[in-house]
Amino acid sequence: MIYLDNGATSFPKPEAVYTFMDQFFRKNGVSPGRSGYDLSIETGNIIEDARKALTRYFNGKDPKRLVFSLNSTDALNLAIAGLLKPGDHAITTMIEHNAVLRPLYHASLYDNVAVDYVPFDGKGFVDPDDFISKFKKNTRLVVVNHGSNVIGTVQPIREIGKLCKEKGIPFLVDASQTAGKIPIDIEAMNVDVIAFTGHKSLLGPTGVGGLYVGEDVVIHHSRAGGTGVKSALRHHLEEYPYRLEYGTLNTLGIAGLYAGLKWVLEQGMDKIHAHEIKLTKKLRDGLTRIDKVITYCADDLTDHIGVLSFNVKGFEAINTGTILDGDHDIACRTGLHCAPLVHERLGTDKIGGTVRIGFGPFNTEAHVDTVLNAIKEIASMFAK
Ligand SMILES: Cc1ncc(COP(=O)(O)O)c(C=O)c1O
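Residues numbered from 1 in each chain as written. Predicted model: local features only at pLDDT ≥ 70, side-chain atom pairs only at ≥ 80, totals over all residues. Heavy atoms only, no water.

Thoughts on the nonpolar core
Note the cut-off: Nonpolar cores were defined as sets of buried Ala, Val, Leu, Ile, Met, Phe, Trp, Tyr and Cys residues, with membership established by side-chain atoms within 4.5 Å. A 1.4 Å probe rolled over the protein chains alone gives each residue an accessible area, and that area as a share of the maximum for its type sets the label: buried under 20%, exposed over 50%, partly exposed in between. Each domain's extent was defined by an automatic or database domain assignment. Contact between two residues is taken to exist if any of their heavy atoms lie within 4.5 Å; hydrogens are not considered.
If you look at the biggest cluster of nonpolar residues, it comprises 57 residues, and the most contacted ones within it are Phe58, Phe68, Phe131 and Val142. Residue contributions to this core reach at least three from each of two domains, namely domain 1 (2–10 + 268–382) and domain 2 (15–266). If we skip the residues at most four places from it in the chain, Phe131 touches Ile91, Thr93, Val118, Val126, Val142, Val144, Ile160 and Leu163. The next biggest cluster of nonpolar side chains, apart from the first, holds 28 residues, and it includes Leu4, Ala298, Val355 and Ile375.

As structure tokens, then:
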């Protein structure tokens, strides 16, 4: 099977991740830190090392403000619920994933939060200037997707962040697709809160993600529970990381995520990214040469990750995906990819979305050749 659904989750993981998780689960499968015996402390130290490594990667100042959650959906929900209160106004974009759109929609429905959506242009980018006219007196949050999971474009985060900083509005970035793929410096990018997931380009398992919360931002509790420390307190702890962590952490997941990040850094994030972009370019060029195939927002791959959407004209995305799977053993994703407004904007909502190819570090040029041959065949048979 040729796996090209790395936009959903990366697979396979590096051997080092499997090995580290296996050893960790056998040797360190105890409650981290809290119980005070040697093994518990050792396990807690591995979790703290993971916090430190991720904090360094995001260029955060304080590893305590790196909190772990279930995934980026969970992390984004925590941030959005903890930053907005009834009557507030939020700005987001049409390039967002449902992990942002739905929490904001719920906030608008149940908490009287007003939400404005900045569109993206024909090349797949939002214009920072478009945010300016949307700022209101009660704007309390701006949320933007760093890298699109549908069309792969990387948004001008630094410029949007600069505007938010000038206005004193918290800026939350969804780095689900970019964390582990490209460098992220929250300081230089003017980001207050960043959300990440462990199972995509950080190459860890599913079930783990988190937030880095900048020092100037107050995220209120939307949950409460055990922290393993200060148990006599009736109220959930105010201090980080406990403030936004509830119950026993996914230690095995964190260990895997830590091993994944280390592997990416050892290989060189730039090298992996360059490899994925080379494959994306080869795919884009090949698809462009096939009659009656349309690619979306991929003319310029400069600010881009290795994610590409296309369609065979007149043929529903799901049918292309089914033939790729059934006849060619190629796994990819078709449909709306949890980002309905992207398709509204592209017009692909009326044709069942797009076929999405997401590259990972283990994909090869031969994989791209196989896809191109398959699409040539499908287009010659079914394109209209
Ligand atoms: C841009 C974006 N945001 C959020 C998510 C949600 O990630 P998770 O399912 O790990 O919570 C995804 C996953 O597809 C994504 O691509």
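Comments concerning the site of the ligand
This is how it is decided: Throughout this document, a residue counts as near a molecule or strand when at least one of its heavy atoms sits within 4 Å of that molecule or strand. Polar contact criterion, stated in full: a pair of N or O atoms within 3.5 Å, where within protein one must be able to donate a hydrogen and the other to accept it, and residues adjacent in sequence count only if both atoms are side-chain atoms. Only the protein chains shown count as covering a residue, and every accessible area follows the Shrake-Rupley method with a 1.4 Å probe. Residues are grouped as follows: Ala, Val, Leu, Ile, Met, Phe, Trp, Tyr, Cys and Pro are nonpolar; Asp, Glu, Lys and Arg are charged; all remaining types, including Gly, are polar.
Taken together, 13 residues are adjacent to the ligand, and Thr73, Asp174, Thr197, His199 and Lys200 come closest. In this structure, Asn71 approaches the ligand through a side-chain N or O atom, which is 3.4 Å from an oxygen atom. Computed on the free molecule, the ligand has an accessible area of 390 Å², of which 89% lies beneath the protein chains in the complex. For the shell around the ligand, the per-class residue count stands at 1 nonpolar, 10 polar and 2 charged.

Considerations on the environment of Asn6
Using the following cut-off: Secondary structure elements are defined from DSSP: runs of H or I of at least 4 residues count as helices, runs of E of at least 2 residues count as strands, and each element is numbered from the N terminus.
Here Asn6 lies in the loop between strand E1 (2–3) and helix H1 (15–27). By relative accessible area, Asn6 is classed as buried at 7%. Taking the C-alpha atoms as reference points, Asn6 and Ala331, separated by 325 residues in sequence, lie 9.6 Å from one another. Setting aside chain neighbours within four positions, we find Asn6 in contact with Phe11, Gly358, Phe359, Gly360 and Asn363. Among the polar contacts made by the side chain of Asn6, one reaches the main-chain carbonyl oxygen of Gly358 at a distance of 3.0 Å. Among the polar contacts listed, one links the side chain of Asn6 to the side chain of Asn363, at a separation of 3.2 Å.

Thoughts on the pattern of salt bridges
So the rule is basically this: Put simply, a salt bridge is a Lys or Arg side-chain nitrogen that is within 4 Å of an Asp or Glu carboxyl oxygen.
All chains considered together, the criterion is met by 19 salt bridges. Where Glu238 meets Arg243, a salt bridge forms, and the shortest distance between an N and an O atom there is 2.8 Å. Beyond isolated ion pairs, a larger network of salt bridges with shared partners links Lys278, Lys282, Glu365 and Asp369.

Quick notes on a nonpolar patch on the surface
To keep things clear, this is the line we draw: Residues qualify for a patch when their relative accessible area is over 30% and they have no salt bridge, like charges being joined within 9 Å and the nonpolar side chains of Val, Leu, Ile, Met, Phe, Trp and Tyr within 5 Å.
Together, Met1, Phe11 and Tyr18 make up an exposed nonpolar region whose accessible area comes to about 340 Å². Looking at where Met1 falls in the secondary structure, it is placed in the segment before E1. Given a relative accessible area of 62%, Met1 falls into the exposed group.

A short note on the packing of aromatic side chains
Heads up, the rule is: Side-chain rings of Phe, Tyr and Trp (the six-membered ring for Trp) are treated as a pair once their centres are within 6.5 Å; stacked means planes under 30 degrees apart, edge-to-face means over 60, and tilted covers the remaining angles.
A complete count under the given rule lists 7 aromatic pairs for this structure. Here the aromatic rings of Phe20 and Tyr258 are separated by 6.4 Å at their centres, their planes lie at 80 degrees, and the arrangement is edge-to-face. Taken as a pair, Phe20 in helix H1 and Tyr258 in helix H7 (residues 251–267) lie far apart in primary sequence, 238 residues in all. Tyr258 gets classed as buried once you look at its relative accessible area, which sits at 14%. Aromatic side chains Phe58 and Phe196 sit 5.4 Å apart centroid to centroid with 40 degrees between the ring planes, which places their arrangement in the tilted category. Taken together, the residues Phe58 in helix H2 (residues 38–58) and Phe196 in strand E7 (residues 193–197) connect sequence positions 138 residues apart. In this pair, the class of Phe58 matches that of Phe196, namely buried. Grouped by ring-pair contacts, the aromatic residues Phe20, Phe24 and Tyr258 constitute a single cluster.

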